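# Report on the structure
Here are the chains, one letter per residue:
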Amino acid sequence: MKCAYIDLKNIYGNTADGFHLATAGGLWQILFRGFCGVDFKGDTLKVSPNLPEKWKSVRLRFFFRGSWLELKVKHGEVHIKMLEGTKPIGVEAFGSEAVLQPGGEVVLRP
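Residues numbered from 1 in each chain as written. Predicted model: local features only at pLDDT ≥ 70, side-chain atom pairs only at ≥ 80, totals over all residues. Heavy atoms only, no water.

## Quick look at unusual backbone geometry
In terms of backbone geometry, most residues other than glycine have negative phi values and most peptide bonds are trans. Going by this rule: For helices the rule is a DSSP run of H or I covering at least 4 residues; for strands it is a run of E covering at least 2, with both sets numbered from the N terminus onward. When a residue's accessible area, from a 1.4 Å probe over protein chains only, is under 20% of the maximum for its type it is buried; when over 50% it is exposed; and in between it is partly exposed.
The phi angle at R65 is positive, at roughly 50 degrees, despite the residue not being glycine. With respect to the helices and strands, the residue R65 is situated in the loop between β3 (57-64) and β4 (67-74). Phi at F94 is positive, roughly 55 degrees, even though this residue is not glycine. Judged by its relative accessible area of 31%, F94 is partly exposed.

## Thoughts on the nonpolar core
Note the following rule: Throughout this description, the term nonpolar core refers to a set of buried Ala, Val, Leu, Ile, Met, Phe, Trp, Tyr and Cys residues connected via side-chain atoms within 4.5 Å. Whether two residues touch is decided by their heavy atoms; if any such pair falls within 4.5 Å, the residues are in contact.
Grouped together as the largest cluster of nonpolar side chains are 22 residues, with contacts concentrated most on L45, V47, F62, L69, L71 and I80. Contributions of two or more residues to this core are made by β2 (44-47), β3, β4, β5 (77-84), β6 (89-93) and β8 (105-108). Here the element with the most residues in this core is β3; it accounts for four residues. Residues within four places of L69 in sequence aside, it is in contact with L45, L60, R61, F62, F64, K81, M82, L83, I89 and L100.

See below:
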């Protein structure tokens, strides 16, 4: 958790000199790949949530295979919406598979 506080608590006394971009990237990886459990299997987006017990949900947007997607992860539920894009995308969560169509939304549950 130290990386979360590098700029917030000014651990090294140099936050005024600028933002630590590598720290922000590390935090994104923890959230995106760790807690949301996002992985890429070819052209398929695989989601295996691992949210902390006290968290209700996480929602974020990202770019994948030419499409802007919105991901909302809850305990036992994954919502994926294609905000912009023209090609279908394979989605996998909780052992289920679906195809996210342009302009569409997929909800997967165990």
